[in-house]
Every structure is written in C-alpha cells, then in structure tokens.
Amino acid sequence: TERDKAPPSPYLTISSNGKVLIQNDQVLVSTCRIQVHKFPFDVQSCTLSIKSVVHSVQEIKLNSLNSSVTTVWSRNVMRTQYEWLFVKMTVTTETVMPFGSKQDTIIYTIFMKRRPVLYIVNFLLPVLFFLCLDLSSFLISDRGGEKLSFKVTVLLAVTVMQLILNDILPSSSDKIPLIEVYCTGIFGLMFLSLQETILMMYLMELESESQDIEMDRRHSLGESFGGNLGRDTDYQSCEEEEKKWTSYTCICGVSADKMPTEVVQGCGSRLTEELQESEKLSDELKELIKVVSLLVNDMKEERKPSFWTRHIKIINRVYFILYVTASSLFLCFMFAIWTAPTE
C-alpha cells in the first residue's frame, strides 16, 4: 500500500439509526501473475481481497455493491487506460475462518484486455508478409543463385523478428505463447522451402555435369567430322589423278600387240591403285554419313527436356502445392486458437 499523499477527509456522516459513513480514498498497488499464452489477444484477470485483520463478522460486516454497478462505476472513473482496456469487475463475498472466528471477505476480480492493434501492425503482419514473399519466390528461376540468396535473406529477416519478440514478450507464463508458435511455424516452413531450393540446385548440378559429358562426346564427334572433311581436301588431287588415269586409259585403248610391255604393266598397276583409292573414299563417305546421322539425333534430343529438368519441374510444382496447403492450414489453426474463448 503506497502512502496516500492527500490528507484524509475529516468529514463523517452520522445517521439517526446509528450508521456512520466514512469516505477515505486509498491507492493500492498490487501484482498478479500474467498469462501470455494468447499474446497479444490475451485477457488478464487480477484479484484483490479485502478483509479485517482481527475483527470477526459480529464486530465488522463488510458490504459492497454488486458486479454490474461496480463495473459501470469503475469504467466511469478510469480515464486513461493506455495499453490495457478495462473489461469488467466482479464482486464476490465470502466468509472465512482464519483464527477460529468468522470474518467477511470481499473479493474484487478485475478483467483487462490488451490492445492488439500495435502488435498486429508491427509484428504479426510483417511476419505474414515474409511468408508471402517466400511463396512468391517459387516464381524465380532455379538457374543461378538468386533464388537461394533471396530465401536466405527472408529467413534472416524472420530471425530478426524473433529477436524483437523476445524483448516485447513477458517471460512469466506457464504455457508457450501462441505468437512463438506462430513465428516458429513460419520459420519452419521457410526452412523447408530453403531445403527444397538447395535440393533443386543439387539436381541441376547433376544435370549440368551430365550435359558437360555429352558436350565432350559431341566435341569428339565434331573433331572426327572435321578430320573427315580434311580428308575431302585430298579429293582434288584425286581428280588430277583421274585425269592421268583417263590418259592411261587412252593409251590402254590401243591393242596389246602394238603397246610396249612396260606400258601394259604400268596401266594395270595404275588401275589397281585407283580402285583401292575409290574403295577408301566410299568407306570415308560411309563414316561421314554415320557422323551426320549422330549429330542430327543429338540435335533432336536437345529439343526434348532432359531427365532432371522434367523431375525438377514436377518436384517444384508438387512442393508448391504442399507448401500453400500447409501454410493455409497452419494460419487457420492459429487463428482458431487465438480467437477461441478463454476458459
């Protein structure tokens, strides 16, 4: 009880039936245990008990107004309420026997409600906006590290909000506050989203490695194709030799009796060499046709999505549906618990 700085009132009201009315205002400072389970939508109740220390009920009888009148009178008296709103006040009268004699006890229970608007605007909505940003990050391409860095930044922002919550949240509570469950649940959803992004980047890395191997194979095919093209440059010399071969055929067109023996032998060896060279050219052309067909098939395969690309798109689509469903159910669950009546 704080010491009253105002002087006590010296006036009494004495009636003919023996009743004496004394009015003396006092300032009482009391503490009560606070429950922040539904912070910032919590309703607190504090109890004030008044009774005599030594007098029994035969000596002093305590009376009070009923709960409705007391609530109206208290609401008229209160002018400034700041963070708290006065809800109501209940009055109950009990008779106790602390020392063997009955004593009257008046119990005042004050119900107060916190103003949640400031906490909704400064804390709950920003965390919800971060969740919406994390949902919108699914529209970012998985190529590169922009999506991963964006998700990490959003996750760090929620961590900062949790640090701020530790400063504004009272620590005296028997149950875990729902606002902590709210932040931890959103943090967990974002953490799973970050893990999914890391998994997708790992799968894309596997895909890029397989593409590098495929490019090396195509590069080797291109080199062989270029070598074959290089061989075609010798085809001009073959044409020159063909002219010589025609000259030999002209000579060989003469009868064998009129031709010298050296010339006949030279024509035969020359024809044999030309036939061997033509067989080599046909083999090289077959190889070139095989290389071209392989390159055409590779170009057709490039137009089709690869194995990991198809699976990455499917995983992203399925996870986005699950993420939206889980977030909606979680937010609905939190709203239902917060708005449920207090027991």
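Predicted model, so just to flag it, every value in this text is computed and none were measured.

Novice: In this structure, what is going on with the confidence of the model for the chain? I would like to understand it.
Specialist: Low-pLDDT stretches of the model should not have their predicted coordinates read in fine detail. The pLDDT averaged across the chain works out to 76; a share of 67% of its residues lies at or above 70. Between the elements of the chain, mean pLDDT differs from a low of 46, seen in helix α5 (residues 235–252), to a high of 92, seen in strand β1 (residues 12–14). Low pLDDT (under 50) marks residues 229–239, which in the prediction has six contacts with non-local residues, meaning those over four places away or in another chain. The low-confidence segment residues 241–265 (pLDDT under 50) makes 14 contacts with residues lying over four places distant or belonging to another chain.

Novice: Whenever I open this one, the state of the cysteines confuses me. Can you help?
Specialist: Covalently bonding the sulfur atom of one cysteine to the sulfur atom of another cysteine gives a disulfide. Enumeration over the complete set of coordinates arrives at one disulfide. Covalent S-S linkage joins Cys-32 and Cys-46, the inter-sulfur distance amounting to 1.9 Å. Taken together, the residues span a long stretch of sequence, with Cys-32 in the loop between β2 (20–22) and β3 (43–51) and Cys-46 in strand β3 at a distance of 14 residues. Cys-32 gets classed as partly exposed once you look at its relative accessible area, which sits at 38%.

Novice: Could you clarify how one ought to interpret the pattern of salt bridges in this entry?
Specialist: Side-chain pairing between opposite charges can occur once the charged atoms of the two side chains come close. For the structure on display, the rule yields three salt bridges. Its salt-bridge partner being Arg-114, residue Glu-83 comes within 2.7 Å of it at the nearest N-O pair. Pair noted here: Glu-83 is in the loop between α1 (67–77) and β4 (84–96) and Arg-114 is in strand β5 (residues 103–114), with a separation of 31 residues, a long-range link. Note on Glu-83: relative accessible area 30%, which makes it partly exposed. If you follow the salt bridges from partner to partner, you end up with Asp-42, Glu-83 and Arg-114 in one network.

Novice: Which parts of the structure should I look at to understand the sheet that holds β4?
Specialist: Note: strands within a sheet are paired through backbone hydrogen bonds, in either parallel or antiparallel orientation. Spatial strand order, β3-β5-β4: three strands in an open sheet with antiparallel pairing. Looking at the sheet topology across the chains shown, the edges are occupied by β3 and β4. The mean inter-strand angle of the sheet, taken between neighbouring strand axes irrespective of direction, is 20°. Sheet topology note: the β3/β5 ladder contains nine bridges and is antiparallel. Paired with Lys-51 across the strands is Thr-105, a residue of β5.

Novice: Where do I start with unusual backbone geometry in this structure?
Specialist: Excluding glycine, a negative phi dihedral is what most residues carry, and trans is how most peptide bonds are arranged. For the bond running from Phe-39 to Pro-40, omega is 0°, close enough to zero to count as cis. Examined against the element boundaries, Pro-40 turns out to sit in the loop between β2 and β3.

Novice: Quick question: what am I supposed to make of the packing of helix α2 (residues 117–136) against helix α3 (residues 146–168) here?
Specialist: Any two packed helices are characterised by how steeply their axes cross, that is the angle between the axes, and by the distance between the axes. For the pair α2 and α3, the least separation of the axes is 10 Å and the interaxial angle reads 160°. With respect to each other, α2 and α3 are oriented roughly antiparallel. Once α2 is placed against α3, the crossing between them reads as left-handed. On α3, the residues touching Tyr-119, Asn-122, Phe-123, Pro-126, Val-127, Phe-130, Leu-133 and Asp-134 of α2 are Phe-150, Lys-151, Val-154, Ala-157, Val-158, Met-161, Leu-165 and Ile-168. When grouped by side-chain class, the residues that make up the contact of α2 with α3 number 13 nonpolar, one polar and two charged.

Novice: Please clarify how the nonpolar core should be interpreted in this entry.
Specialist: For soluble globular proteins, the rule of thumb is that nonpolar side chains tend to be buried together. Judged by nonpolar contacts, the single largest core of 27 residues is most densely connected at Phe-123, Ile-179, Tyr-182, Ile-186, Met-190, Tyr-323 and Trp-338. Of all the secondary-structure elements, those providing two or more residues to this core are α2, α3, α4 (178–232) and α7 (307–339). At eight residues, α4 tops the list of elements feeding residues into this core. What Met-190 contacts, discounting residues up to four positions off in sequence, is Phe-130, Leu-131, Asp-134, Val-154, Leu-155, Val-158 and Tyr-323. Met-89, Ile-106, Tyr-108 and Ile-110 belong to the second-largest nonpolar core, a separate cluster that totals six residues.

The rules behind each value
- Residues numbered from 1 in each chain as written.
- Predicted model: local features only at pLDDT ≥ 70, side-chain atom pairs only at ≥ 80, totals over all residues.
- Heavy atoms only, no water.
- pLDDT = per-residue confidence, 0-100.
- Helix = DSSP H or I, 4+ residues; strand = E, 2+ residues; numbered from the N terminus.
- Contact = heavy atoms within 4.5 Å.
- Disulfide = S-S within 2.5 Å.
- Buried < 20%, exposed > 50% of the residue type's maximum accessible area, 1.4 Å probe, protein only.
- Salt bridge = Lys/Arg side-chain N within 4 Å of Asp/Glu carboxyl O.
- Pairing = 2+ DSSP bridges.
- Axes fitted to C-alpha atoms, helices over the stretch in contact; angles between N-to-C directions.
- Parallel < 35°, antiparallel > 145°, perpendicular 65-115°, else oblique.
- Left-handed = near helix turned anticlockwise from the far one by under 90°.
- Nonpolar A, V, L, I, M, F, W, Y, C, P; charged D, E, K, R; others polar.
- Core = buried A, V, L, I, M, F, W, Y, C linked by side-chain atoms within 4.5 Å.

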